[in-house]
Amino acid sequence: MDTTVLTAPQDLAAHRSKALVVGLVGLAACGLGFVLNRDQFFRSWLIAYLLFLGIALGSMALVMIQHLTGGTWGVFRRVLEASSRTLPLLALLFLPVVLGMSTLYPWTHDDLVRADEVLRHRQPYQNTGFFLARALVYFASWIALAWTLTRWSRRQDEGDMSGNMLLQRVSGAGLVIYALTITLAGVDWVMSINPHWYSTLFGFLMIGGQGLSALAFTIVIATLLVKDEPMSGLLKPHHFHDLGKLMFAFVMLWAYFNFSQFLLTYAANLLEEIPYFIARINHGWQYLALFLIVFHFAVPWLLLLSRDRKRNPARLVWVAAWILFMRYTDLFMLVTPEFASTGQNLHMLAGEHESLFFVHWLDLAAPLGIGGVWLWMFFTQLAQRPLLAFGDPYLRESMETAGGGH
Amino acid sequence: MATASNVTHSHPSPERMSADLLRPLLQTSWRFYLLVALLGSIVAAGAVAWVTQMFFGFGISGIRWPIYWGFYVTNFVFWIGISHAGTLISAILRLVNAGWRRPVTRCAEVITAFALMIGAMFPIIHLGRPWLAFWLFPYSSERLIWPNFRSPLVWDFFAINTYLTGSMLFLLLPMIPDFAVVRDKTTGLRHRIYRTLALGWRGTPKQWHRLESAMSIMAVAIIPVAVSVHTIVSFDFSMAPVPMWQSTIFGPYFVAGAIFSGIAGLIIAMAVLRKVLRLQEYLLPLHFENLGKLLLVMALLWGYFVFNERLVTYYGNEPSEMTVFWQTQRDNYAPLYWTMVICNFVLPLIILGIRKFRTITGCVIASIGVVIGMWLERYLIIVPSLGHKYLPYSFGSYRPQPAEITITVATFAAMCLLYVLFAKVVPIISIWEMKAGDHPSPSLIPPATEHHKLGELHL
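Residues numbered from 1 in each chain as written. Chains lettered and ligands numbered in written order. Predicted model: local features only at pLDDT ≥ 70, side-chain atom pairs only at ≥ 80, totals over all residues. Heavy atoms only, no water.

Q: Which parts of the structure should I look at to understand the overall build of chain B?
A: Counting secondary structure elements, chain B contains 19 helices and zero strands. Its C-alpha atoms give chain B a radius of gyration of 23 Å, within 12% of the compact-globule value 23 Å for 459 residues. For the C-alpha atoms alone, the extent of chain B along its principal axes is close to 75 × 50 × 45 Å. By the burial criterion, 57% of the 459 residues in chain B qualify as buried. (Helix = DSSP H or I, 4+ residues; strand = E, 2+ residues; numbered from the N terminus. Rg over C-alpha atoms; globule rule 2.2 N^0.38 Å. Buried < 20%, exposed > 50% of the residue type's maximum accessible area, 1.4 Å probe, protein only.)

See below:
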């Protein structure tokens, strides 16, 4: 196969510079927010950060699953790989979270820890030093994985097939590492915002959400690519059908996990757990909860039932883009009700406090800032490699199979 | 799948295939009667134990305050778990159109049907007055006392019955063409029975088409049903505010555990069938290797769930949960707990993780470990938590009595007995699906060629 035709279309460069402009404007706004209202800035930053981290990590996990299982959706591997190669940038973008630790996480305050039995018990694990050390380990392992996977994938392009078996082994081990690190990272970065709440399902919520974000993002990018040569001739409806089916499955998983968590917590009504949901079904948050149920689950589910829609990128892309927005809303719901409308963590305020529904302008600026810069990095990475992993021995099969009959 | 062609092409000729796969139906040796008598007597012993328990009352069992759930509920969860072998494995393999599934699917689907029936017996065995089991049913009750729709036990009733209906259909549908084959090979009473079962199957293109549509609908529909069943079984625990039960991860945890034990059960069943019915040419090492890999994946997933559950419980540090936590981790139940970890995680990881050991024997050893480990897992979820509820006045321990042990053993015998009898009356490997595997068509069922139209004569 002539590989020179597989380079990214010129359009990407335009998207790339647009993304950078949006990103810089967003970041400038975030800088302003940092000066004006530091509490809000850190909260908004964390939420937006989680969305793009989710796309990158979810993509990496999907690459590994693809190496292990094969399947026609392997044609999207380069998009997924490019997402996973943005992890070094995401490590950099994590720095504001580190700066904001004392605003975001109650356990960073010694007086609060001393006054609270549970926090005292957790102190050997949950302290600033170990938190940072763990974050370092997470990023190191993620970047190492992404780097190894894409390096060997490049070797395949060069015709070196010796790494194929190794790719599978690394993927197997990598999925285990991913599952463990993201569970721990979820506890560290999100769950510990509320010092007493805990849910064993939380790791799965993170994993499921990241998988869904990555699939939705890949569909959006693939729809962009399919407009031009070379992908317009290569991507067929059944490839989109595969992604659509996977997205459909993940939409159901999201609902399943969230329903399980809600029902069990609600029914048990225990002191440690129920405040999490009380905060989210009162004071205006209940409307956001309903919005999530209807538009993160019910409507996408109904839309994705259609086989024709899944096979037609021009129609599927709207569902995917919508799901990306809903992923952001879901992460917003995960974090924000733990904060007062001033942006302070409720659990650090003296006395009893409740969060009333609020959205801050930084909740728009932060995703634009992080997203813009991240997209710029993503397009840079995407343009560096041929758009098709043509060295993949399974790719021929995935290009030829008519498939998608179910 | 690239492997599909390699597998199917090594198959014997269609004539040999029919002869091989129908042999157990048409010939009966004395070993069959001996086996049935042996298994039957164990099942009978279990029945006697149950009647004794009904006659003398529940006091003869070890189930007493504060531990009201013992072996019976352990068995209930265990068997429902085993039942996930069939539907999920078979439905998923059908959906991804894995070529190697063909000789495996029916072995798996049968496990589902029988394990579910056995599992569904246990809530009734567990009743002191089993004749009141209908209180679970949604019968008309004007005072609305029974059934209690907020009880997960009632949800169980619906979930399990839906699943049983669905998996029976899933099992029976692809059996129709095979019944037709048997019908054509037999005479007399047997011919008449199979003629009824074959539902007038003639192998016309229309019939093949309808079968194909029905199977693809069932394969999609059965997956959410299977997931919901074990989620609802997990709700039996997690809806109750009992330490270490009220855990949000229980739904996926139980589903994963169920698939895990289901695959293990399937591997054991296939290995026995392969030996006893001389199916070496049909159930190939490759099938065990692939199922072994699935088992390995599930072992890793199981490890994740247990690690996650333990970690987050420790993180939450709720005092009563920590009591149970340490009971299993290092006190009374620690020997059982670590046996479970070795059986479910260490052993499968070593045997299945190393390619050299992933032979048929290796897979069977790992599977036996997993079956034991998963039974222990359910036991360890139930007993330590019930024995250490919030206040020390309600602490207690559990000692299974002969009645419970006998009934437990009897259910394993019952599973074997049902399986043996099934393999006697139905080809345990789907004949037409094996033959369809030789066709190049990637679709679920081959297009209706002349060969199939004449199914009655040639198949």
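Q: Quick question: what am I supposed to make of the overall build of chain A here?
A: In terms of regular secondary structure, chain A is built from 19 helices and zero strands. Since a compact globule built from 406 residues should have a radius of gyration of about 22 Å, the 21 Å found for chain A is in line with a globular shape. Dimensions along the principal axes, computed over C-alpha positions, put chain A at roughly 70 × 40 × 40 Å. Across the 406 residues in chain A, those meeting the buried criterion constitute 58%. Within chain A, contacts between residues separated by at least 24 positions form 82% of all contacts whose residues are at least 6 apart in sequence. (Contact = heavy atoms within 4.5 Å.)

Q: Got a minute to help me understand the nonpolar core in this structure?
A: The nonpolar side chains of soluble globular proteins are, as a tendency, buried together. Core analysis: the biggest nonpolar cluster contains 259 residues, and Trp142 and Trp189 of chain A together with Ile428 of chain B have the highest contact counts within it. Examining the composition of this core, we find that 19 residues originate from one element, helix H2 (residues 38–69) of chain A, more than from any other. Of all hydrophobic cores here, the second largest spans five residues; its members include Phe32, Leu39, Ala413 and Val420 of chain B. (Core = buried A, V, L, I, M, F, W, Y, C linked by side-chain atoms within 4.5 Å.)

Q: Quick question: what am I supposed to make of the pattern of salt bridges here?
A: Residues and elements named next belong to chain B. A full pass over the atoms with the stated rule returns 13 salt bridges over all chains. Notably, a salt bridge pairs Arg183 with Asp184, separated by 3.1 Å at the nearest N-O pair. On the basis of relative accessibility, which here comes to 32%, the residue Asp184 falls in the partly exposed class. As a salt-bridge pair, Arg378 and Glu377 come within 3.3 Å of each other at their nearest N and O atoms. (Salt bridge = Lys/Arg side-chain N within 4 Å of Asp/Glu carboxyl O.)

Q: How should I be thinking about the interface of chain B and chain A in this particular structure?
A: One frequently used descriptor of interface size is the decrease in accessible area upon assembly of the parts. Contact residues are listed per partner, giving 34 residues for chain B and 36 residues for chain A. Both faces combined, the contact of chain B with chain A buries some 3,000 Å², and carbon together with sulfur accounts for 67% of it. A per-residue breakdown of the area chain B buries against chain A is headed by Thr248, Tyr304 and Tyr315 of chain B, which together make up 28% of the total. Joining chain B to chain A, the criterion identifies zero salt bridges. At the level of elements, helix H5 (84–95), helix H10 (205–238), helix H11 (250–276) and helix H12 (285–316) of chain B are the ones that each hand at least two residues to the side of chain B that touches chain A. Tallying contributions element by element places H12 of chain B first for the side of chain B that touches chain A, with 12 residues. When its residues are assigned to classes, the side of chain B that touches chain A shows 20 nonpolar, nine polar and five charged. (Buried area = accessible area lost by both parts, 1.4 Å probe. Nonpolar A, V, L, I, M, F, W, Y, C, P; charged D, E, K, R; others polar.)

Q: Sorry if this is basic, but what is going on with a nonpolar patch on the surface here?
A: All names here are of chain B. There is a patch of nonpolar side chains on the surface, built from Trp65, Tyr68, Tyr390, Leu391 and Tyr393 and spanning about 620 Å² of accessible area. In this structure, Tyr390 sits in the loop between helix H15 (360–387) and helix H16 (402–425). Overall, Tyr390 belongs to the partly exposed group, its relative accessible area being 40%. (Patch = residues over 30% accessible without salt bridge, like charges linked within 9 Å, V, L, I, M, F, W, Y side chains within 5 Å. Areas by Shrake-Rupley, 256 points an atom, 1.4 Å probe, with all protein chains shown as cover.)

Q: What am I meant to see in the environment of Ser84 of chain A here?
A: Residue and element names in this part refer to chain A. Inspection of the secondary structure puts Ser84 in helix H3 (residues 77–84). Spatially, the C-alpha atoms of Ser84 and Ser59 are 5.9 Å apart, while their sequence positions differ by 25 residues. Apart from the residues lying within four places of it in its own chain, the contact partners of Ser84 are Ala56, Ser59, Met60, Ala146 and Thr150.

Q: What should I look at first to understand the confidence of the model for chain B in this one?
A: Residue and element names in this part refer to chain B. Within chain B, residue pLDDT values average 84, and 91% of them lie at 70 or more. The model gives residues 1–9 a pLDDT under 50, and that stretch makes 13 contacts with residues more than four places away or in other chains. Every residue in residues 439–459 scores below 50 in pLDDT, and together they form 40 contacts with partners more than four places removed in sequence or on other chains. (pLDDT = per-residue confidence, 0-100.)

Q: It is not clear to me how the confidence of the model for chain A should be interpreted in this structure. Could you clarify?
A: Caution applies to low-pLDDT parts of the model: their predicted coordinates are not meant to be read in detail. Residues and elements named next belong to chain A. In the predicted model, chain A carries a mean pLDDT of 86, and the fraction of residues at 70 or more is 96%. Ranking the elements of chain A by mean pLDDT puts helix H19 (residues 395–400) last, at 63, and helix H15 (residues 285–304) first, at 93. Residue range residues 402–406 is modelled with pLDDT below 50. Its contacts to residues more than four positions away, or to other chains, number 12 contacts.

Q: Could you clarify how one ought to interpret the packing of aromatic side chains in this entry?
A: Centre-to-centre distance and the angle between the planes together describe a pair of aromatic rings. All names here are of chain A. According to the stated counting rule, one finds 72 aromatic pairs over all chains in the structure shown. Each ring, one from Phe248 and one from Trp301, has its centre 6.0 Å from the other, and the planes form 25°; the classification is stacked. Within this pair, whereas Phe248 is found in helix H13 (residues 237–268), its partner Trp301 is found in helix H15, the two being separated by 53 residues in sequence. Arg38 extends its terminal NZ or CZ atom over the ring of Phe34, reaching a point 4.3 Å from the ring centre. (Phe/Tyr/Trp six-rings, centres within 6.5 Å; stacked < 30°, edge-to-face > 60°. Lys NZ or Arg CZ within 6 Å of the ring centre and 35° of its normal.)

Q: Any chance you could explain the packing of helix H14 (residues 334–353) of chain B against H15 of chain B here in plain terms?
A: A packed helix pair is summarised by two numbers, namely the angle formed by the two axes and the spacing between the axes. Residue and element names in this part refer to chain B. The interhelical angle for the contact between H14 and H15, taken along N-to-C directions, is 155°, at an axis separation of 8 Å. By the angle between their axes, H14 is roughly antiparallel relative to H15. Regarding H14 and H15, the two cross each other, and that crossing is left-handed. Its residues assigned to classes, the contact of H14 with H15 shows 17 nonpolar, five polar and one charged. (Axes fitted to C-alpha atoms, helices over the stretch in contact; angles between N-to-C directions. Parallel < 35°, antiparallel > 145°, perpendicular 65-115°, else oblique. Left-handed = near helix turned anticlockwise from the far one by under 90°.)

Q: Got a minute to help me understand the side chain of Ser167 of chain B in this structure?
A: Residue and element names in this part refer to chain B. Its location among the elements puts Ser167 in helix H7 (residues 152–172). Taking relative accessible area as the criterion, Ser167 reaches 1% and is therefore assigned buried. A distance of 3.4 Å separates a polar atom in the side chain of Ser167 from the backbone oxygen of Leu164. Apart from residues no more than four positions distant in its own chain, Ser167 is found in contact with Thr87, Thr112, Leu116 and Ile222. (Polar contact = N/O pair within 3.5 Å; in protein donor to acceptor, adjacent residues only side chain to side chain.)

Q: When you look at the environment of Met117 of chain B in this model, what are you seeing that I'm missing?
A: All names here are of chain B. Among the secondary structure elements, Met117 is positioned in helix H6 (residues 105–125). Assessed through its relative accessible area of 33%, Met117 is described here as partly exposed. Considered as a pair, Met117 and Gly396 are 279 residues apart in the sequence and their alpha carbons are 32 Å apart. Look past the residues within four positions of Met117 in its chain and what remains in contact with it is Leu164 and Met168.

Q: How do you make sense of helix H9 (residues 128–157) of chain A when you look at a structure like this?
A: Note on helix geometry: an α-helix contains 3.6 residues per turn, so any two residues three or four positions apart are oriented the same way. Spanning 30 residues, H9 of chain A covers 43 Å between terminal C-alpha atoms, matching the ideal 44 Å at 1.5 Å per step. Immediately downstream of H9 of chain A, the backbone of Gly159 of chain A shows phi near 95°, a positive value. (Expected span 1.5 Å × (residues − 1).)

Q: Hey, could you run me through unusual backbone geometry in this one?
A: A negative phi angle characterises most non-glycine residues, just as the trans form characterises most peptide bonds. Residues and elements named next belong to chain B. In this structure, Pro66 follows Trp65 across a cis peptide bond, with omega equal to 0°. Here Pro66 shows up in the loop between helix H3 (30–56) and helix H4 (71–82). Of note, Leu199 is a non-glycine position whose phi angle comes to about 50°, a positive value. Secondary-structure assignment places Leu199 in the loop between helix H9 (188–197) and H10. With phi around 70°, Met244 is a residue other than glycine that occupies positive phi space. A relative accessible area of 6% means that Met244 is categorised as buried.

Q: How do you make sense of H14 of chain B when you look at a structure like this?
A: Along its length, H14 of chain B reaches its greatest deviation from straightness, about 35°, at Ile342 of chain B. Looking at H14 of chain B, one finds that the buried residues are Ala334, Tyr337, Met340, Val341, Cys343, Asn344, Pro348, Ile351 and Leu352 of chain B. (Bend = angle between axes of the 7 residues up to and from the residue.)

Q: What is the right way to read the side chain of Glu109 of chain B from this model?
A: All names here are of chain B. Relative to the elements of secondary structure, Glu109 occurs in helix H6. A distance of 2.5 Å separates polar atoms of two side chains, one belonging to Glu109 and the other to Ser90. Those residues within four positions of Glu109 in sequence are excluded, and the remaining contacts are Gly86, Ser90, Arg94, Phe170, Leu171 and Pro174.

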